[in-house]
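So the chains spell out like this:
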Amino acid sequence: MKVIIIGANGKIGRLIAQKMSASDEFEPTALIRKEEQKAYFDSIEVPVIVESIENSEEKIATAIKGFDAVVFSAGSGGSTGPDKTIEVDLFGAVKTIEAAKANNISRFVMVSAALSDDPSSWTAQGMKPYYIAKHMADKELKRSGLDYTILRPVMLTDYEDAGKITIQSDPHQLNKEIPRAAVAETVLKVLPNSNTHSKIFEMSMGSLGIGEAITEFVA
């Protein structure tokens with residue numbers, strides 16, 4: 001499966017690229033904003049395309065042409081302010097969804113955030129623009145007609161071990177944290193699994209192996 005990773009230079013994006021590079025199932029390509037970000041991907045033998053999702057939908061469509069699947073894990077980060085959050089997390093996501101449709105790329109995996117459908121939970125200082133962006137991007141993907149899977153992890157950690165997880169429909173049943181490694185591993189597990197199409201995974205650390213948790217949730 002030829003996969004373009006949007007937001008590849010982020011922490012989750014790098015893990016996805018690394019894990020795909022080590023797998024026989026995938027041919028990953030990293031979409032990066034700057035040429036100077038290329039060195040890491042050279043080191044793990046993952047080719048790159050230099051393009052920004054802040055550019056036009058047409059440029060994004062040209063960049064992702066010829067791929068079998070899109071993984072979107074881009075985010076503006078916590079220190080850029082609400083304008084950049086809307087530009088990247090929402091508008092960038094919507095343009096990428098439209099670019100995928102224009103190229104007949106049906107498979108689309110979105111890394112979103114837990115509680116994105118629960119506005120009553122968006123009370124943390126300064127977080128409302130982030131949740132609005134995630135909510136609206138997810139909504140656009142759900143009505144796109146693409147074969148989507150949306151992953152909504154809770155607070156992310158840098159534990160190297162993916163560990164065990166839980167996947168729920170109700171985000172209020174989740175634990176507080178999940179390793180980025182677990183989210184990246186889940187991306188690889190769901191991509192070729194048609195049973196995960198049109199599914200939303202609210203996810204955290206839990207008691208099941210990743211494959212087992214997916215199988216139980218989609219059964």
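Placed above this text is the structure.
One structure accompanies this document, and this report is about it. Since the structure is predicted, the reported quantities are computational estimates derived from the model, not experimental observations.

### Quick word on the pairing of strand 10 (residues 199-205)
Point 1. Pairing of strand 6 (residues 147-153) with strand 10 involves five bridges; the strand directions are parallel. The partner of Ile150 across the bridge, within strand 10, is Ile200.
Point 2. Two strands pair when backbone bridges link them, and strand 8 (residues 165-168) and strand 10 are joined in this way by four bridges, in the antiparallel orientation. For Thr166, the partnering residue across the bridge sits in strand 10 and is Ser204.

### Re the packing of helix 6 (residues 180-190) against helix 7 (residues 210-218)
Point 1. Axis separation between helix 6 and helix 7 bottoms out at 10 Å; the angle between their running directions is 55 degrees. Classed by the angle they form, the pair helix 6 and helix 7 counts as oblique. Two packed elements cross with a definite hand, and for helix 6 against helix 7 that hand is right-handed. Residues Ala182, Glu185, Thr186, Lys189 and Val190 of helix 6 form the contact with helix 7, whose own contacting residues are Ile210, Gly211 and Ile214.
Point 2. Grouping the amino acids of the contact of helix 6 with helix 7 by side-chain chemistry returns four nonpolar, two polar and two charged.

### Examining the sheet that holds strand 6
Point 1. The strand order across the open sheet built from eight strands is 3-2-1-4-5-6-10-8, with neighbouring strands paired in mixed fashion. Strands with a single pairing partner mark the edges of an open sheet, and in this sheet they are strand 3 (48-50) and strand 8. Neighbouring strand axes in the sheet, compared pairwise and without regard to direction, differ in orientation by 20 degrees on average.

### What to know about the packing of aromatic side chains
Point 1. Summed over all chains, the structure comprises four aromatic pairs.
Point 2. Where Trp122 meets Tyr131, the ring centres are 5.8 Å apart and the plane angle is 5 degrees; that geometry is what we call stacked.
Point 3. With a centroid separation of 5.4 Å and 70 degrees between ring planes, the pair formed by Tyr130 and Tyr131 is classed as edge-to-face.
Point 4. Taken together, the aromatic side chains of Trp122, Tyr130 and Tyr131 make up a single cluster linked through ring pairs.
Point 5. The residue whose ring lies beneath Lys95 is Phe91, and the NZ or CZ to ring-centre distance is 4.3 Å.

### Here we look at the nonpolar core
Point 1. Ile16, Met20, Phe41, Val187, Leu191 and Phe201 are the most contacted members of the largest nonpolar core, which totals 42 residues.
Point 2. Counting residues per element, this core draws most heavily on helix 6, at seven residues.
Point 3. Sequence-distant contacts of Leu191, defined by excluding residues within four places in its chain, comprise Met1, Val3, Met20, Phe26, Ala69, Val71, Arg107 and Val109.
Point 4. Core analysis: the second largest hydrophobic core is formed by 28 residues, Ile4, Ile53, Leu90 and Leu146 among them.

### What to know about the environment of Ile49
Point 1. Relative to the helices and strands, Ile49 resides in strand 3.
Point 2. Beyond its immediate chain neighbours, meaning those up to four positions away, Ile49 contacts Ile4, Thr29, Ala30, Leu31, Ile32, Ala63 and Phe67.

### Looking at unusual backbone geometry
Point 1. Here the phi dihedral of Glu45 falls at roughly 60 degrees; this positive angle occurs in a residue that is not glycine.
Point 2. Here Glu45 shows up in the loop between helix 2 (38-43) and strand 3.
Point 3. Using a relative accessible area of 72% as the deciding quantity, one classes Glu45 as exposed.
Point 4. Phi is positive for Ser198, close to 60 degrees, though the residue is something other than glycine.
Point 5. Relative to the helices and strands, Ser198 resides in the loop between helix 6 and strand 10.

### Quick notes on the environment of Ala30
Point 1. Topologically, Ala30 is positioned in strand 2 (residues 27-32).
Point 2. Separated by 156 residues in the primary sequence, Ala30 and Thr186 have C-alpha atoms spaced 18 Å apart.
Point 3. If sequence neighbours within four positions are ignored, Ala30 has contacts with Ile4, Ile5, Ala8, Phe41, Val46, Pro47, Val48 and Ile49.

### Some words on the packing of helix 3 (residues 57-64) against helix 4 (residues 82-102)
Point 1. At a closest axis distance of 8 Å, the pairing of helix 3 and helix 4 adopts a crossing angle of 55 degrees. Comparing the axis directions of helix 3 and helix 4 gives the class oblique. The way helix 3 lies across helix 4 gives a crossing that is right-handed. Contact with helix 3, carried on its side by Glu57, Ile60, Ala61 and Ile64, involves Lys95, Thr96, Glu98, Ala99 and Ala100 of helix 4 and no other residues of that element.
Point 2. Classifying every residue of the contact of helix 3 with helix 4 by side-chain character gives five nonpolar, one polar and three charged.

Procedures and definitions
Residues numbered from 1 in each chain as written. Predicted model: local features only at pLDDT ≥ 70, side-chain atom pairs only at ≥ 80, totals over all residues. Heavy atoms only, no water. Pairing = 2+ DSSP bridges. Helix = DSSP H or I, 4+ residues; strand = E, 2+ residues; numbered from the N terminus. Axes fitted to C-alpha atoms, helices over the stretch in contact; angles between N-to-C directions. Parallel < 35°, antiparallel > 145°, perpendicular 65-115°, else oblique. Left-handed = near helix turned anticlockwise from the far one by under 90°. Contact = heavy atoms within 4.5 Å. Nonpolar A, V, L, I, M, F, W, Y, C, P; charged D, E, K, R; others polar. Phe/Tyr/Trp six-rings, centres within 6.5 Å; stacked < 30°, edge-to-face > 60°. Lys NZ or Arg CZ within 6 Å of the ring centre and 35° of its normal. Core = buried A, V, L, I, M, F, W, Y, C linked by side-chain atoms within 4.5 Å. Buried < 20%, exposed > 50% of the residue type's maximum accessible area, 1.4 Å probe, protein only.

Distances and angles like these do not, on their own, reveal function.
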